[in-house]
Amino acid sequence: MAEPRILILGGPGAGKGTQSRKTSEEFNVKHITTGELLRANKDRDISEFESEYDVPRTYMDQGELVPDEVVTLLVKEALSQVNGFVLDGYPRNVEQAEELNNMTDVDDILYLDVDEEELVQRLTGRRIDPKTGDTYHIKYSPPEDPEVEKRLEQRDDDTEETVRERLRVFRETTEPVIEYYEERGQLERVDGKQSPDEVWVDVRKAIENAQ
Ligand code: AP5
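Summarised in this report is the structure supplied together with it.

What counts as what
Residues numbered from 1 in each chain as written. Predicted model: local features only at pLDDT ≥ 70, side-chain atom pairs only at ≥ 80, totals over all residues. Heavy atoms only, no water. Pairing = 2+ DSSP bridges. Helix = DSSP H or I, 4+ residues; strand = E, 2+ residues; numbered from the N terminus. Axes fitted to C-alpha atoms, helices over the stretch in contact; angles between N-to-C directions. Expected span 1.5 Å × (residues − 1). Buried < 20%, exposed > 50% of the residue type's maximum accessible area, 1.4 Å probe, protein only. Contact = heavy atoms within 4.5 Å. Parallel < 35°, antiparallel > 145°, perpendicular 65-115°, else oblique. Nonpolar A, V, L, I, M, F, W, Y, C, P; charged D, E, K, R; others polar. Patch = residues over 30% accessible without salt bridge, like charges linked within 9 Å, V, L, I, M, F, W, Y side chains within 5 Å. Areas by Shrake-Rupley, 256 points an atom, 1.4 Å probe, with all protein chains shown as cover. Salt bridge = Lys/Arg side-chain N within 4 Å of Asp/Glu carboxyl O. Lys, Arg positive; Asp, Glu negative; His and termini not counted. Charge placed at Lys NZ, Arg CZ, Asp CG, Glu CD. Arc of directions from axis to C-beta.

## Considerations on the sheet that holds strand 3 (residues 85-88)
- Taken together, 5 strands build an open sheet; the order of strands is 2-3-1-4-7 and the sheet is parallel. Of all strands in the sheet, those bounded by a partner on one side alone are strand 2 (30-33) and strand 7 (187-191). Neighbour-to-neighbour, the strand axes of this sheet turn through a mean angle of 25°, independent of strand direction.
- Relative to strand 7, strand 4 (residues 108-113) runs parallel, the two sharing 5 bridges.

## Describing helix 4 (residues 68-79)
- Between its first and last C-alpha, helix 4 extends 16 Å over 12 residues, near the 16 Å set by a 1.5 Å rise per residue.
- Val70, Val71, Thr72, Leu74, Val75, Ala78 and Leu79 are the residues of helix 4 that are buried.
- For helix 4, the elements touching its buried residues are strand 2, helix 2 (34-40), strand 3 and helix 5 (94-103).

## Quick notes on the packing of helix 5 against helix 8 (residues 160-183)
- Where helix 5 meets helix 8, the axes come as close as 8 Å, and the angle between the chain directions of the two elements is 45°. Classed by the angle they form, the pair helix 5 and helix 8 counts as oblique. Where helix 5 approaches helix 8, its residues Val94, Ala97, Glu98, Leu100 and Asn101 are matched on the opposing element by Pro176, Val177, Tyr180 and Tyr181.
- Its residues placed into classes, the contact of helix 5 with helix 8 shows 7 nonpolar, 1 polar and 1 charged.

## Description of a negative patch on the surface
- On the surface, a cluster of negative charge is contributed by Asp45, Glu48, Glu50, Asp54 and Glu69.
- Mapped onto the elements of the fold, Glu48 is located in the loop between helix 2 and helix 3 (56-61).

## Things to note about helix 6 (residues 116-124)
- Those residues of helix 6 lying buried are Leu119, Val120, Arg122 and Leu123. Looking down the long axis of helix 6, one finds its buried residues gathered within 165° of arc, a one-sided arrangement.
- Packing partners of the buried residues in helix 6 comprise strand 5 (126-128), strand 6 (135-137) and helix 8.

See below:
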């Protein structure tokens, strides 16, 4: 079976990272996530681009999108090194969707559908283990090991105020991307309100059917 090329779209906290990690393991493809790429480059000088601020951090901590040129460059670099992939966090606006058309074909585009209040609950309760990178939720999936619990950290952009702003940006800027793919008959909706394991059953089935 050829290595699949998959896009996973969804609002902030819809479970893109959770489902992309499973996809990467199961189908043996690279997980490319713009959120992680940008967090690793948070303080990189981007003043050579047409940007209002000098580093990605300023955009991210306010819940705003980092300029297209910066993100597209990182995605291009990452895609040039792989055959199959699961891409999470890109495209975030119609311009990025058009850039992606010029970079690669994709086999399947999945949209994890979750309502806004659920997204706020998920993100404000999310905690990351800085040692392993594993993601937990203080209510839905706390760690069993108290040592892990002690070292958990909250992402800088998971405060309620920033989460609300990220949702506003999603509604205004990224929902048109959902319509863009829907109009082209390329989008497959997955019920993202189910438990992570139930969502995974649907995601895996969709990817297998697209092969
Ligand atoms: P990014 O890191 O991509 O953030 P996001 O899209 O807001 O998504 P998240 O990573 O917060 O959530 P997720 O959908 O991966 O959910 P997760 O699986 O962790 O981007 C961050 C910032 O970078 C942006 O704000 C922007 O500034 C910049 N950026 C990124 N891409 C860009 C681009 N293309 N252009 C410009 N700027 C860009 O799950 C969330 C929580 O819910 C966890 O606690 C998890 O345990 C829990 N959970 C997951 N699934 C379920 C479930 N089914 N049921 C119950 N709980 C669940």
